[in-house]
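Below are the chains, spelled out letter by letter.
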Amino acid sequence: MKKILWLAVLAAALLGPCLDLPGIESPLAVAADSSTAAAPAHPPAPKLTAADYPRIAGVNSRVFVWLAAQLHLWFAAFVLAVPIFVFIIEAIGMATRDKRYDELAYEFIKVSLTAYSFTAILGGLLAFGLLIFYPHLFQYLASIFKESMFYYALLFFAESACLYIYYYGWHWLQGGFKKWTHLTLGLLLNAVGTVLMFLANAWTTFMMSPAGVDAQGVFSGDAWAAIHNFLWNPINLHRTIANVAYGGSVVGAYAAFKFLSATAKEQRAHYDWMGYTANFIAIAALLPLPFAGYYLTAEIYAYSQQMGITSMGGIFAWLFIIQAVLIGALFLSANYYLWCGMGRSDGAARYNRYIKYLAIVIVGAFLVWFTPHTLILTNAELKALGGPYHKYLGPLGIMPAKNGAVNLMIIMTTLSFLLYRRANKIATVAWANTGNAIQVALFTAGIANILFISIYHGYFTNTVYKVASSIPQVLTTLIIIVASTVIDFLMYRGAKQVAPLHWGRVPDRAQYALFLLAVAFTWLMGLMGYIRSGLRQHWHVYGVFRDASADAFTPTLGYAANVVTGATIVFMALVIFVFWLSQVSGRKTPPSGYWKEQPA
Amino acid sequence: MKEYLKPFAIAFVAFGLLFLALDYAIMKLQGLSLIFQP
C-alpha cells in the first residue's frame with residue numbers, strides 16, 4: 001500500500017508540472033518563456049525588512065501563527081490517526097465476526113468526526129494567519145509548492161467524501177460485499193489522509209532542509225526535489241507513528257471520561273474495554289517511537305551539525321530534559337494502567353508479585369533518563385560541587401546511559417503487556433515450561449547485551465563507537481519485543497481461561513492514568529514541535545530565506561513553555577467540548593406537550 | 001526447577017551468541033569492531 005502512496009505522491013509531483021490547467025502556471029512553461037526573455041525562471045528568496053511584515057495592533061503575529069499551527073497539528077494528528085486504527089479494528093471485527101469490534105470502531109470514528117471540523121477551521125485560521133502576517137514567506141513557499149498546494153486542496157474533497165461516506169454509511173454498508181466496500185472506503189480514507197500529511201510535511205521540512213533551490217533561494221523548478229528534501233522521510237515516519245500513539249491516547253481519554261460518567265454496569269464494562277483497546281494502540285505505537293525520534297535526530301545532525309547541536313547540546317537542551325520527564329510519565333502511566341487493569345482477571349494474583357520489580361526498574365530507568373548532564377548553578381554551588389558535573393550524576397547525564405535506560409523502559413513495558421496478556425490464561429501446550437524458560441532467557445540475554453553496550457561502548461570507547469553502538473541496542477530491543485510476542489502467542493494458543501474477564505472491574509484512578517497519557521502526549525508534541533520549528537533560528541527557510549520580522553529571535557524556554565502550555569489548555573478544552581458533543585448527541589428529551597398532536 | 005534450568009541455559013547461550021553476532025555485524029557494517037580499537 002505504501003508503495004502505491006509513494007507512487008501517487010511521485011506522480012502528483014511529477015505530472016503536476018506537465019498538466020496544462022487554466023490559471024496554473026507550469027514551471028516548465030516559465031522556464032521556456034524566461035529563456036527567451038533572459039530573466040531568471042524563479043526569483044531568489046526575498047530580502048525583507050521588519051516593515052515588510054504587516055502588523056495588527058495588539059496581536060503578536062508569531063504567537064498567533066504558532067497557536068493556530070499547533071492546534072491545527074494536534075487535531076490533524078488525531079483525525080489522521082483515528083481512521084488508521086478504526087480500519088484495523090473494523091478488519092478484526094470482520095475476521096472474527098465479533099460485532100463488538102465493529103461497534104467500537106464506529107464509536108472511535110464518531111469521536112473524530114467533530115474533531116475533523118476543528119482541524120479544517122484551524123487549518124483555515126493558519127492559512128489566513130500566514131497570508132496576513134507573513135505574506136512574502138507564503139508567496140515564496142507557494143511559488144515552489146504551487147502544484148502540491150493545489151492538489152492538497154483538491155485532496156480535501158476526497159478526504160471529506162471518504163470520511164462522510166465511511167461514517168454515515170456505516171450501518172448501511174453492513175454484511176457481505178457491502179462490508180468489504182465499507183472497509184475499502186476506510187482504506188481510501190487512510191490513503192488520502194496519509195498523502196495529505198506527507199504533502200504538508202514536505203512544506204515544513206523544506207523550511208528546515210531546503211532542496212531544489214540554490215544558496216540564494218532560486219528554485220530550480222524541480223518540485224519533487226523540494227518535496228523529497230533531506231528531512232522529509234524522517235518526519236513522515238516519526239509523525240505517522242506518533243499520530244497513532246497520540247490518537248490512541250486521546251480516544252483513551254474519551255473512554256475514561258465516559259467510564260467515569262457512566263452509571264450502568266454494562267456501560268462501565270464497555271468503556272473499560274474501549275479504554276484498554278485505546279491504551280493498547282497508544283502503547284504499541286509508543287514503543288517504536290523513540291527509535292523513530294532517534295532516526296529523525298540523527299538525520300538532523302547529518303543534514304546540519306550546527307542544527308543538531310542547537311537542538312540537543314545548545315539552547316534547546318533543557319527542553320529535552322522536560323521531554324524526558326514527559327516520556328517517563330507516559331511510560332509510567334501506561335504501565336500503571338496495565339497493572340490496575342490486571343484486576344479484571346481472577347488469575348492475575350499469580351503475577352502481582354512481579355509488578356513491584358517492574359516498577360523499580362522503570363522508575364530507576366526513568367531517573368537516569370531525565371538526569372541532566374550539567375546543572376544551572378550559582379558560582380557558590382559550582383565551587384561546592386567542585387565543577388559543573390556532579391560526580392555521580394555526571395556519568396548518568398550522557399546519552400549512553402540514557403540509551404540503556406530508555407531501552408530498559410521499553411522492554412519492561414513489553415513485559416507488563418505480556419503479564420497482562422497471560423493474567424487470565426493457563427497455557428495448555430506441552431512445552432509451556434520450556435517456553436517460559438526461553439522467554440526468561442531471551443529477556444535476560446537481551447538486557448545483558450543492552451547493559452554491555454551501554455556501559456562498555458558508552459564509557460570505555462570514543463564518540464564514534466558510542467553513536468554506532470546505539471543501533472545494535474535498538475535492534476536488541478526490537479528482537480526481544482517481536483520474539484517474546486511470537487513465543488507468547490504460540491504458547492497461549494488454545495489456552496484455558498481462568499474465568500471470564502470482569503470488564504469494568506478497574507479502579508477509577510486507572511482512568512486518570514489515561515487522562516495523564518493524553519495530556520502528557522499533547523504537551524510533549526507541543527514542546528517538541530517548538531524545538532523542531534525553533535531549530536531554524538532566524539531563518540524562515542534555513543540558510544536561504546532570512547526572517548527579518550520583529551520576532552526573528554529564539555524566545556526563552558520559559559516563554560515558549562508558557563505558550564505551549566496555554567495551547568495545550570485550549571486544545572484540551574476543545575477536546576472536552578468534542579467529548580461533550582458526542583455525549584449530548586445521544587441524549588433525547590421527551591418534549592411533552594410542546595408539539596401539537598398530529599391527527600392519525 | 002530442573003525443567004526450567006536446562007532450556008533456560010541453552011536458550012540463554014543461544015540468544016547471547018545471537019545478540020553478540022548482531023553487535024559484531026552492525027559495528028562491522030559501520031566500519032568498526034566490537035572491541036574498541038583506538
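Heads up: these notes are all about the structure in this document. (Residues numbered from 1 in each chain as written. Chains lettered and ligands numbered in written order. Predicted model: local features only at pLDDT ≥ 70, side-chain atom pairs only at ≥ 80, totals over all residues. Heavy atoms only, no water.)

Moving on, we come to unusual backbone geometry. All names here are of chain A. If you check the backbone angles, Arg 97 has positive phi at about 55° while not being a glycine. On the basis of relative accessible area, Arg 97 is assigned to the exposed category, the value being 74%. Positive phi values are uncommon outside glycine, yet Gln 537 reaches one of about 55°. Tracing the sequence through the fold places Gln 537 in the loop between α21 (508-534) and β3 (539-541). (Buried < 20%, exposed > 50% of the residue type's maximum accessible area, 1.4 Å probe, protein only. Helix = DSSP H or I, 4+ residues; strand = E, 2+ residues; numbered from the N terminus.)

Another point: the environment of Ala 77 of chain A. Residue and element names in this part refer to chain A. Tracing the sequence through the fold places Ala 77 in helix α3 (residues 61-96). On the basis of relative accessible area, Ala 77 is assigned to the buried category, the value being 2%. Note: C-alpha distance between Ala 77 and Ala 483 (406 residues apart in sequence) is 31 Å.

For helix α7 (residues 176-208) of chain A, built from 33 residues, the straight-helix expectation of 48 Å at 1.5 Å per residue is met to within 8% by its first-to-last C-alpha distance of 48 Å. Here α7 of chain A lies mainly inside the structure; 24 of its 33 residues are buried. (Expected span 1.5 Å × (residues − 1).)

With that settled, the discussion passes to the side chain of Ser 582 of chain A. All names here are of chain A. Summarising the element assignment, Ser 582 is placed in helix α22 (residues 557-584). On the basis of relative accessibility, which here comes to 8%, the residue Ser 582 falls in the buried class. A polar contact is formed between the side chain of Ser 582 and the backbone oxygen of Phe 579, at a distance of 2.7 Å. (Polar contact = N/O pair within 3.5 Å; in protein donor to acceptor, adjacent residues only side chain to side chain.)

Next up on the list: the interface of chain A and chain B. In this assembly, 29 residues from chain A lie in contact with 21 residues from chain B. Interface area, chain A with chain B, both sides summed: about 2,100 Å², of which 78% is carbon and sulfur. On the surface where chain A and chain B come into contact, there are 0 salt bridges. At the junction of chain A with chain B, the criterion picks out 7 residue pairs in polar contact (both at pLDDT 80 or more). Breaking the side of chain A that touches chain B down by element, the ones donating at least two residues are α18 (432-459), α19 (463-468) and α20 (470-491) of chain A. Element by element, the count of residues in the side of chain A that touches chain B is highest for α18 of chain A, at 16 residues. Residues of the side of chain A that touches chain B, tallied by class, amount to 18 nonpolar, 11 polar and no charged. (Contact = heavy atoms within 4.5 Å. Buried area = accessible area lost by both parts, 1.4 Å probe. Salt bridge = Lys/Arg side-chain N within 4 Å of Asp/Glu carboxyl O. Nonpolar A, V, L, I, M, F, W, Y, C, P; charged D, E, K, R; others polar.)

The next point concerns the side chain of Ser 345 of chain A. Residues and elements named next belong to chain A. Among the secondary structure elements, Ser 345 is positioned in the loop between α13 (317-341) and α14 (349-369). What makes Ser 345 buried here is its relative accessible area of 8%. Residues within four places of Ser 345 in sequence aside, it is in contact with Ala 423, Asn 424, Leu 501 and Arg 505.

To continue, consider the packing of helix α4 (residues 99-133) of chain A against α22 of chain A. Residue and element names in this part refer to chain A. Between α4 and α22, the least distance of the axes is 9 Å, while the angle of their chain directions is 130°. With respect to their mutual orientation, α4 and α22 come out oblique. The way α4 lies across α22 gives a crossing that is right-handed. Seen from α4, the contacting residues are Lys 110, Val 111, Thr 114, Ala 115 and Phe 118; seen from α22, they are Leu 574, Phe 577, Val 578, Phe 579, Leu 581 and Ser 582. Of the residues belonging to the contact of α4 with α22, the class tally is 8 nonpolar, 2 polar and 1 charged. (Axes fitted to C-alpha atoms, helices over the stretch in contact; angles between N-to-C directions. Parallel < 35°, antiparallel > 145°, perpendicular 65-115°, else oblique. Left-handed = near helix turned anticlockwise from the far one by under 90°.)

What follows deals with helix α5 (residues 135-144) of chain A. Residues and elements named next belong to chain A. Considered for burial, the residues of α5 that qualify are Leu 137, Tyr 140, Leu 141 and Ile 144. The buried residues of α5 all sit within an arc of 95° when viewed along its axis, so they share a single face. In the core, the buried residues of α5 are packed alongside α6 (146-168), α7, α8 (223-227), β3 and β4 (545-546). (Arc of directions from axis to C-beta.)

Residues and elements named next belong to chain A. Taken together, Tyr 392, Leu 393, Leu 396, Leu 451, Ile 455, Tyr 459 and Phe 460 make up a surface patch of nonpolar side chains, about 670 Å² in accessible area. Those elements that provide at least two residues to the nonpolar patch are α16 (393-396) and α18. The element contributing the most residues to the nonpolar patch is α18, with 3 residues. Relative to the helices and strands, Phe 460 resides in the loop between α18 and α19. Residue Phe 460 is classed as exposed on the basis of its relative accessible area, which comes to 55%. (Patch = residues over 30% accessible without salt bridge, like charges linked within 9 Å, V, L, I, M, F, W, Y side chains within 5 Å. Areas by Shrake-Rupley, 256 points an atom, 1.4 Å probe, with all protein chains shown as cover.)

Turning to the packing of aromatic side chains, a few remarks are in order. All names here are of chain A. Taken as a whole, this structure holds 41 aromatic pairs over all chains when the rule is applied. Ring centres of Phe 366 and Phe 370 lie 5.0 Å apart, and the angle between their planes is 65°; on these two criteria the pair is classed as edge-to-face. Relative to Tyr 456, the ring of Phe 452 has its centre 5.6 Å away and its plane inclined at 5°; by these criteria the two rings are stacked. Of the two residues, Phe 452 and Tyr 456 are both situated in helix α18; the distance of 4 residues between them amounts to about one turn of the helix. Following the ring pairs from residue to residue traces out a cluster consisting of Trp 74, Phe 75, Phe 118, Tyr 246, Phe 521, Phe 571, Phe 577 and Trp 580. Over the ring of Phe 553 we find Arg 62; its NZ or CZ atom is 4.6 Å from the centre of that ring. (Phe/Tyr/Trp six-rings, centres within 6.5 Å; stacked < 30°, edge-to-face > 60°. Lys NZ or Arg CZ within 6 Å of the ring centre and 35° of its normal.)

Quick look at the pattern of salt bridges now. Pairs can form between side chains of opposite charge once their charged atoms are near each other. Residues and elements named next belong to chain A. Considering all chains together, one arrives at 10 salt bridges over all chains under this definition. The closest approach of N and O atoms between Arg 55 and Asp 551, which form a salt bridge, is 3.9 Å. Taken together, the residues span a long stretch of sequence, with Arg 55 in the loop between α2 (27-37) and α3 and Asp 551 in the loop between β4 and α22 at a distance of 496 residues. The exposure class of Asp 551 is buried, given its relative accessible area of 9%. Between Arg 268 and Asp 508 there is a salt bridge; the shortest N-O distance is 3.3 Å. Highlighted residues: Arg 268 in helix α10 (residues 265-286) and Asp 508 in helix α21, separated in sequence by 240 residues.

Residue and element names in this part refer to chain A. With respect to the helices, strands and loops of the structure, Ala 552 is situated in the loop between β4 and α22. The class of Ala 552 is partly exposed, set by a relative accessible area of 23%. Along the backbone, Ala 552 and Trp 539 are 13 residues apart, and their C-alpha atoms lie at a distance of 7.7 Å. Look past the residues within four positions of Ala 552 in its chain and what remains in contact with it is His 538 and Asp 547.

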